[in-house]
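# An overview of the molecular structure
Residue strings, one per chain:
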Amino acid sequence: TNDHDTAECFADAFSSVFVEEPQGPLPEACYNNGNVDSCNDLVISFSDVYDELKKLDVYKSFGPDKVHPKLLKALADNEEFVRTLTILYDKCAKEAKIPEKWKEAHV
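Residues numbered from 1 in each chain as written. Predicted model: local features only at pLDDT ≥ 70, side-chain atom pairs only at ≥ 80, totals over all residues. Heavy atoms only, no water.

### Considering the side chain of Thr86
How we decide: Helix and strand assignments follow DSSP, with helices taken as H or I runs no shorter than four residues and strands as E runs no shorter than two, numbered in order from the N terminus. The buried label applies to any residue whose accessible area, calculated with a 1.4 Å probe on protein chains only, is under 20% of its type's maximum; exposed applies above 50%, and partly exposed to all values in between. Residues are treated as being in contact if the distance between any of their heavy atoms lies within 4.5 Å.
Relative to the elements of secondary structure, Thr86 occurs in helix H5 (residues 79-95). Among the residues examined, Thr86 registers a relative accessible area of 10% and is labelled buried. Those residues in contact with Thr86 that sit more than four places away from it in its chain are Ile44, Ser45, Phe46 and Val49.

Now the structure itself:
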């Protein structure tokens, strides 16, 4: 086999196990054009944050923050933690600013 055949073999193997995940709980308009004006009326509630924490997949690995999804999911039952996250996320939405650190990812 040549390099092209090897690359095709890897591409087939990886594409067969690739799972496309949803972008998240924000309205589609917030993702498409980068226009933050389309998200100005976004309201993030306690129940929104709680629901998203409870949906976390504990079998996924942690991100750059080194916080495991299992811990975050367990903390969903802590009202003070969820309320603090709700305030933080709502402030980010109202100011249309996301901390640079949050934009990092393990790909």
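### Things to note about the packing of helix H3 (residues 46-54) against H5
Here is the rule: Axis angles are defined between N-to-C directions and span 0 to 180 degrees, where every axis is a line fitted to C-alpha atoms and, for a helix, only to the segment in contact. In this scheme, roughly parallel covers angles under 35 degrees and roughly antiparallel covers those over 145, while 65 to 115 is roughly perpendicular and the rest are oblique. Each helix crossing is assigned a hand: it is left-handed if the near helix lies turned anticlockwise from the far helix by less than a right angle, otherwise right-handed if that turn is clockwise. Asp, Glu, Lys and Arg are counted as charged, while Ala, Val, Leu, Ile, Met, Phe, Trp, Tyr, Cys and Pro are counted as nonpolar; the rest, among them Gly, fall into the polar class.
Packing of H3 against H5 leaves a shortest axis separation of 9 Å and a crossing angle of 110 degrees. As the angle between them shows, H3 and H5 are arranged roughly perpendicular. Crossing angle aside, the handedness with which H3 passes H5 is right-handed. For the pair formed by H3 and H5, the contact residues are Phe46, Val49, Tyr50 and Leu53 on the first element and Glu79, Phe81, Val82, Arg83, Leu85, Thr86 and Tyr89 on the second. Of the residues assigned to the contact of H3 with H5, the class counts are eight nonpolar, one polar and two charged.

Structural measurements only, silent on function.
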